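Now for the letters of each chain:
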Amino acid sequence: MKLENLLIEAAKIKGQSVAVASAEDEEVIEAVAEAINRDLAHFMLFGQKDEIELLLDKKGIKKEMVQIIQSRSQQQAAELAVRAVHQNEASVLMKGHIPTSILLKAVLNKEYGLRTGRVLSHVAMFDIPGFSKAVFVTDAAMNIEPDLQQKEQIVVNAINVARSIGVSVPKVAAIAAVEVVNSSMKATLDAAALTMMYKRGQIQNCVIDGPLALDNAVSLLAAQHKGITSDVAGQVDILLVPSIEAGNVLYKSLIYFAKAKVGAVIAGAKAPIVLTSRSDSSESKLYSLALALCSSEK
């Protein structure tokens, strides 16, 4: 499935609501406007009411189309938005004009937060020019240097997101610099362990292979040249990166060099979280919303 198709699928899911923390942000309101035009969801906008109303007027959004909840600070906006999701008043949490640390502090609150006991991880869905299907990248934004146990949960989070949009048995490549196990390269050891965990049935509803270098993960021809036989090589759905540095570079390279389109969510919480950055376009925020809405149904 492509990101444009995702917008169509999200529109078929009725009755969903999105809680936006500190919604006084022009790019966020632009994404909200487009989502409303596409009938994707109802929006609860937490933040400075006067500023939000000015932006709504600028984008031509009728105030009766959204619910505005005045908040005296970013901390209160985060708390109220998270509480709305915790109490099932909203099915998706979205970051507005607020530092990520403040929003995540509310998400992890023991009283009203969205903890599940699982690792929270970033799952990005890319439409890459020249590729016939979307490719997921995880984790490019949350976990700095995950250990094997954390990588297992990161993989499971990504599998759940991929399955929520119709990829029934995602093919997962555990990425490293090389495709052979090297005891001095932790990424290859973890990749081999994850592959064995899949083969032993510890990780289900997917196919995992690794270590695989990026070229033979995405190119069957590259894999054949290296004599690699794999059910994942050249057919990958999910790229599991070994660290946040590798993920961040890959993520931004796809956007700025390959001109890929992207939507992303934080998975592993009680509900999907749209945690886009200030540099993300309104289009990317819209795709992220659609991905979150689709994955919230699973």
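Residues numbered from 1 in each chain as written. Predicted model: local features only at pLDDT ≥ 70, side-chain atom pairs only at ≥ 80, totals over all residues. Heavy atoms only, no water.

An unreviewed UniProt entry annotates the chain as Phosphate butyryltransferase originating from Metabacillus halosaccharovorans. Of the comments in the UniProt record for the chain, the one headed Sequence similarities (unreviewed entry) reads "Belongs to the phosphate acetyltransferase and butyryltransferase family." (UniProt positions renumbered as here; feature names shortened; annotations may be inferred.)

1. Quick word on the overall build of the chain
Counting secondary structure elements, the chain contains eleven helices and eleven strands. Relative to its length of 298 residues, the chain is compact, with a C-alpha radius of gyration of 19 Å against a globular reference of 19 Å. With respect to the three principal axes, the spread of C-alpha positions in the chain is 60 × 40 × 30 Å. The 298 residues of the chain split such that 53% are buried. Residue pairs in contact within the chain that sit at least 24 positions apart in sequence constitute 70% of those at least 6 positions apart. Accessible surface, the chain: about 13300 Å² in total, of which carbon and sulfur atoms supply 50%. (Helix = DSSP H or I, 4+ residues; strand = E, 2+ residues; numbered from the N terminus. Rg over C-alpha atoms; globule rule 2.2 N^0.38 Å. Buried < 20%, exposed > 50% of the residue type's maximum accessible area, 1.4 Å probe, protein only. Contact = heavy atoms within 4.5 Å. Areas by Shrake-Rupley, 256 points an atom, 1.4 Å probe, with all protein chains shown as cover.)

2. Details of the side chain of Gln16
Considering the arrangement of structural elements, one finds Gln16 in the loop between α1 (3-12) and β1 (17-21). Classification of Gln16 as buried rests on a relative accessible area of 7%. A polar atom in the side chain of Gln16 sits 2.8 Å from the side chain of Ser91. Separated by 2.9 Å, the side chain of Gln16 and the backbone oxygen of Leu293 make a polar contact. (Polar contact = N/O pair within 3.5 Å; in protein donor to acceptor, adjacent residues only side chain to side chain.)

3. Description of the pattern of salt bridges
By the definition in use, this model includes 14 salt bridges. Taking the shortest distance from any N to any O, the salt bridge between Asp39 and Lys14 comes out at 3.2 Å. Here Asp39 is found in the loop between α2 (26-37) and β2 (42-47), whereas its partner Lys14 is found in the loop between α1 and β1, with 25 residues between them in sequence. The salt bridge involving Arg83 is made with Glu79; its shortest N-O contact spans 2.9 Å. (Salt bridge = Lys/Arg side-chain N within 4 Å of Asp/Glu carboxyl O.)

4. Section: the layout of surface pockets
Looking at the largest pocket, its volume works out to about 520 Å³. What lines the largest pocket is a set of 29 residues, among which Tyr251, Thr276, Ser277, Ser279 and Asp280 lie closest to the centre. Among the secondary structure elements, those contributing two or more residues to the lining of the largest pocket are α5 (100-107), α10 (244-256), β10 (261-267) and α11 (282-295). Among the elements that make up the lining of the largest pocket, the one with the highest residue count is α10 (six residues). (1 Å grid on protein atoms, 1.4 Å probe; cavity = no way out; pocket = protein on both sides within 12 Å on 5 of 7 lines; lining within 4 Å. Points joined across faces, edges and corners; volume = space filled by probe spheres on them.)

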